[in-house]
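Listed below, chain by chain, are the residues.
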Amino acid sequence: MKRTTLSLIAGATALAAVTGFAALTAPEGTAAPEAAKATTRLPVERVGLACPAPSTSEVAETVYTSYTPAGKAPEAGKDGAGQPTALLRPAAGATADGGAGDGKKPAAAKAPATVTVPGKPVTAEADGAAVPALTGSATGALAPGWTVQQTTVVPAGGSRGLLGLTCGAPDTDFWFPAASTAQARHDYVHLTNPDDTAAVADIELYGPEGLLKSQFTEGIPVPAHSTVPVLLSTLTADAPQRDVTVHVTTRSGRIGAAVGVADDKLGSDWLSAAADPSGSAVLPGIPADAASVRLVVFAPGEDDADLKVELSTANGAIVPAGADALHVKSGMTTSIDLPDLTRGSAASLFLSPEDPKRPVPVVAALQVVRGKGDKSEIAFIPAAGAISARATVADNRAKASTLVLTAPEADAQVKVTASAGSGAGAPVTKTVTVKARTTTPLADLAPQGLKGAYALTVEPVSGGKVYGARTLTVPQDGVPMFTVQTLADDRGTVEVPSAHQDLGVLD
C-alpha cells in the first residue's frame, strides 16, 4: 500500500537572560575573595521554536495550541521586554512531501495561533495538505515558558492516526531509538534550521548488528530557515531492520530534528528525541490499555550495558515477567517485546544498571500500540528527563487528557496547574504527592466551566526527582487514536551565576 509521506520538522529555541557580572579585585599579592557559588534563575526574554509541516493528507485536521504560563516576566525595559510578542510564521525550505525547497514561503491554510496574554491558551485550525512548517519567537512577558502543541488527526488514508508534538528546540546532538527501516515502516528524519546561517548535519544508523552501511549521510547541508526531510530506508543498502537507532549530529550550526513515523498497519505519529545518554532511564506514561509495548535500547559508548528493568505502577515497582534484565551490546540496538505489561494500570518503565558502581550510558524509547487488528494505533515514549523548574504541555481536552507522574527515587510533591480554557474556564491548581517508585495517573484536571483547550504546568515543590508524560486520546471510527508527549522543562527561566565584587578602598 502506498503511504502518504509524513513530514516532521522539530524546532528551534533560543534563550537570552540579561544579567551583570561584577569584577573581582584584591590588593596585589593577596587572594581575591571567593565568588559566590549560588545561582539565580531569571525569566528568559526571548525564545524561539518551530513546528513541523503536519501532513500531506488532504483530509488532515490540525490544531495549534499556543500558551505562555502566567508568572514572573522579565523586567520592563530589558531587551525584548518592552513590547511582548509571540508569533509563528511559515518556514521556507523543502516541501511537505520531501521535495527540494525553492526558498519561497508556502501559504498557510490559516493564520497560526498567536498568544496575546500569559495564562490563557490560544488555538487555531489549519486543515489539509498545504499547511507548512512554522517557525516563530516570543519576547518579553510572553517568552517564559512559551509552548506550542501541534495535534493532527488524519481519519483515513495512508497516514491515518493521531499525531502530536510539542514543538521543540534546536541542538547539535539527537538520539532516536525505536526508528525503523522495515518495509512496513516509512520513517523520515526531518532536519530544520531556524538560524540565519547554514548548518551541516550527519546521520548514523545503528541496527542489531551495529553501524549500518550508509550513504549520503555525511555533510548534509541544511540551508538557513529551511527543512530537509530524509527517508531512512534510502540511507542504507543493508537489509531492512525492524529496530534502528538514529543519531543526528551537526558539524556546524544548530538544527531541530525529529522522526515522522508511518506504519502500514499501525498508523502514524511523531518520534521525538530521547533524553541524553545516561546510566539510567525513565520512560513515563504507558497507557493502561496498551495492547503491546516494545522497548528499544542503544549503548553508544565502548562498554556493554547490563540493565535492570522495572515497571512502576500505582502500587510500586515490580519486575516484568520474563524481562527482569537486559544486556545491551556496545554500538548495537537491542529490543525486547513486553506483552501484557500494564494489565489495566497506567505505568512507567525504569532502567537502571545492574551494578550501580558501573553505570553505562544508554538511550531508550518505547513503541506502544493500542487496539487490535486494523483498529490499532501506534505512539512512542522516549526516555524523559526529570522536570527541573517547570514543565508545560498544551492542547489538553476534557475527558481526553491524562497526566502521568512518576518518582523513581524518593517521595516527591509537585504543583499541577490547569490553565484557563481557550474559550472559557477558570484555572485550577492542586498539589500532588507522588510516592517513591510509583506512577500516578491524573485524569480529572480540567478547569471548571471549560470550553476549548487548556494547558497543564507541573512544578516540583519538594522531594525527589519527578518525570511525567501526557496522553491525549481522540478515538475515531473505532480506532483508539492516541499520542504521548513526555514532559520537559519549558525553558521559562535560565540559571545564571551570582557574582561578588570587592569595593573596599585601598590605602
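Just so we're clear, the structure is a prediction, and the values are computed from it rather than from any experiment.

Chemist: Looking at this structure, how should I read the overall build of the protein?
Modeler: Along the protein, the regular secondary structure elements total zero helices and 35 strands. Residues classed as buried in the protein amount to 52% of the 507 residues present. Within the protein, contacts between residues separated by at least 24 positions form 82% of all contacts whose residues are at least 6 apart in sequence. Of the roughly 21,000 Å² of accessible surface on the protein, 51% is carried by carbon and sulfur atoms.

Chemist: I keep staring at the sheet that holds strand β32 (residues 454-463) and nothing clicks. Help me out?
Modeler: The strands making up a sheet associate through hydrogen bonds between their backbones, and the pairing can be parallel or antiparallel. The strand order across the open sheet built from four strands is β27-β32-β29-β30, with neighbouring strands paired in antiparallel fashion. Since the sheet does not close on itself, it has two edges, and those belong to β27 (391-396) and β30 (428-434), each with one partner. Going across the sheet, the axis of each strand differs from the next one's by a mean of 25°, ignoring polarity. In this structure, strand β29 (residues 412-418) lies alongside β30, joined through seven bridges in antiparallel fashion. Bridge pairing links Ala-418 to Val-428 in β30.

Chemist: Where do I start with the sheet that holds strand β26 (residues 377-382) in this structure?
Modeler: Strand order in this open sheet of four strands is β23-β19-β25-β26, and the pairing throughout is antiparallel. In the strand order of this sheet, the two ends are held by β23 (333-337) and β26, each with one partner. Strand-to-strand twist of the sheet, defined as the mean angle between neighbouring strand axes without regard to direction, takes the value 20°.

Chemist: How do you make sense of the side chain of Asp-395 when you look at a structure like this?
Modeler: Its place among the elements puts Asp-395 in strand β27. Residue classification places Asp-395 among the buried residues on the basis of a relative accessible area of 1%. Within the structure, the side chain of Asp-395 is placed 3.0 Å from the side chain of Arg-397, a separation counted as a polar contact. Asp-395 has contacts with Thr-65, Gln-149, Thr-151, Ser-401, Ala-453, Tyr-454, Arg-470 and Leu-472, leaving out every residue within four places of it along the chain.

Chemist: Help me out: how do you make sense of a negative patch on the surface in this one?
Modeler: Where like charges cluster on the molecular surface, the negative patch consists of Asp-306, Asp-324, Glu-354 and Asp-355. Among the structural elements, Asp-306 can be located in strand β20 (residues 305-313).

Chemist: Just checking my understanding: could you explain the pattern of salt bridges for this structure?
Modeler: Once the charged atoms of two side chains with opposite charge are near each other, the side chains can pair. Under the defined criterion, the tally for this structure stands at 14 salt bridges. A salt bridge links Asp-243 to Arg-294; the nearest nitrogen and oxygen atoms lie 2.6 Å apart. Taken together, the residues Asp-243 in the loop between β14 (226-231) and β15 (244-252) and Arg-294 in strand β19 (residues 292-298) connect sequence positions 51 residues apart. By relative accessible area, which is 6% here, Asp-243 ends up buried. Here Arg-294 makes a salt bridge to Asp-337, at a shortest N to O gap of 2.8 Å. One end of the pair, Arg-294, is in strand β19; the other, Asp-337, is in strand β23, and 43 residues separate them in sequence. Arg-294 gets classed as buried once you look at its relative accessible area, which sits at 9%. Through salt bridges with shared partners, one network takes in Arg-242, Asp-243, Arg-294 and Asp-337.

Chemist: Would you mind going over unusual backbone geometry with me for this structure?
Modeler: With glycine set apart, most residues show a phi of negative sign, and most peptide bonds adopt trans. Positive phi values are uncommon outside glycine, yet Ala-178 reaches one of about 80°. Tracing the backbone shows Ala-178 in strand β9 (residues 173-179). Of note in this structure, Asp-477 is not a glycine but carries a positive phi near 50°. On the secondary structure map, Asp-477 appears in the loop between β33 (467-473) and β34 (482-486).

Chemist: Quick question: what am I supposed to make of the nonpolar core here?
Modeler: For soluble globular proteins, the rule of thumb is that nonpolar side chains tend to be buried together. Counting residues in each nonpolar core, the largest one holds 32 residues, and the members touching the most others are Leu-283, Ile-286, Leu-295, Val-297, Leu-349, Leu-351 and Leu-366. Broken down by secondary-structure element, the contributors of at least two residues to this core are β18 (281-286), β19, β20, β22 (325-328), β24 (347-353), β25 (363-370), β26 and β34. A total of four residues in this core trace back to one element, the largest contributor, which is β20. When sequence neighbours within four positions are dropped, the list of residues in contact with Leu-351 reads Ser-280, Ala-281, Leu-283, Leu-295, Val-297, Leu-307, Lys-308, Val-309 and Ala-364. Counting 31 residues, the second-largest nonpolar core is a separate cluster that includes Leu-191, Val-228, Val-244 and Val-259.

Chemist: How should the confidence of the model for the protein be read in this particular structure?
Modeler: The predicted structure's coordinates, where accompanied by low pLDDT, should not be read in detail. Summary statistics for the protein give a mean pLDDT of 85 and a share of 85% for residues scoring 70 or more. Every residue in residues 94-109 scores below 50 in pLDDT, and together they form 29 contacts with partners more than four places removed in sequence or on other chains. Below a pLDDT of 50 lies the segment residues 500-507, which in the model reaches 13 contacts outside its immediate sequence neighbourhood of four places, other chains included.

Chemist: Quick question: what am I supposed to make of the pairing of strand β28 (residues 401-406) here?
Modeler: Consecutive side chains of a regular strand alternate in pointing toward one face of the sheet and then the other. Buried residues dominate β28, accounting for five of its six residues. Bridging between β28 and strand β31 (residues 439-442) involves four bridges; their strand directions are antiparallel. Bridge pairing links Thr-406 to Thr-439 in β31.

Criteria and cut-off values
Residues numbered from 1 in each chain as written. Predicted model: local features only at pLDDT ≥ 70, side-chain atom pairs only at ≥ 80, totals over all residues. Heavy atoms only, no water. Helix = DSSP H or I, 4+ residues; strand = E, 2+ residues; numbered from the N terminus. Buried < 20%, exposed > 50% of the residue type's maximum accessible area, 1.4 Å probe, protein only. Contact = heavy atoms within 4.5 Å. Areas by Shrake-Rupley, 256 points an atom, 1.4 Å probe, with all protein chains shown as cover. Pairing = 2+ DSSP bridges. Axes fitted to C-alpha atoms, helices over the stretch in contact; angles between N-to-C directions. Polar contact = N/O pair within 3.5 Å; in protein donor to acceptor, adjacent residues only side chain to side chain. Patch = residues over 30% accessible without salt bridge, like charges linked within 9 Å, V, L, I, M, F, W, Y side chains within 5 Å. Salt bridge = Lys/Arg side-chain N within 4 Å of Asp/Glu carboxyl O. Lys, Arg positive; Asp, Glu negative; His and termini not counted. Charge placed at Lys NZ, Arg CZ, Asp CG, Glu CD. Core = buried A, V, L, I, M, F, W, Y, C linked by side-chain atoms within 4.5 Å. pLDDT = per-residue confidence, 0-100.

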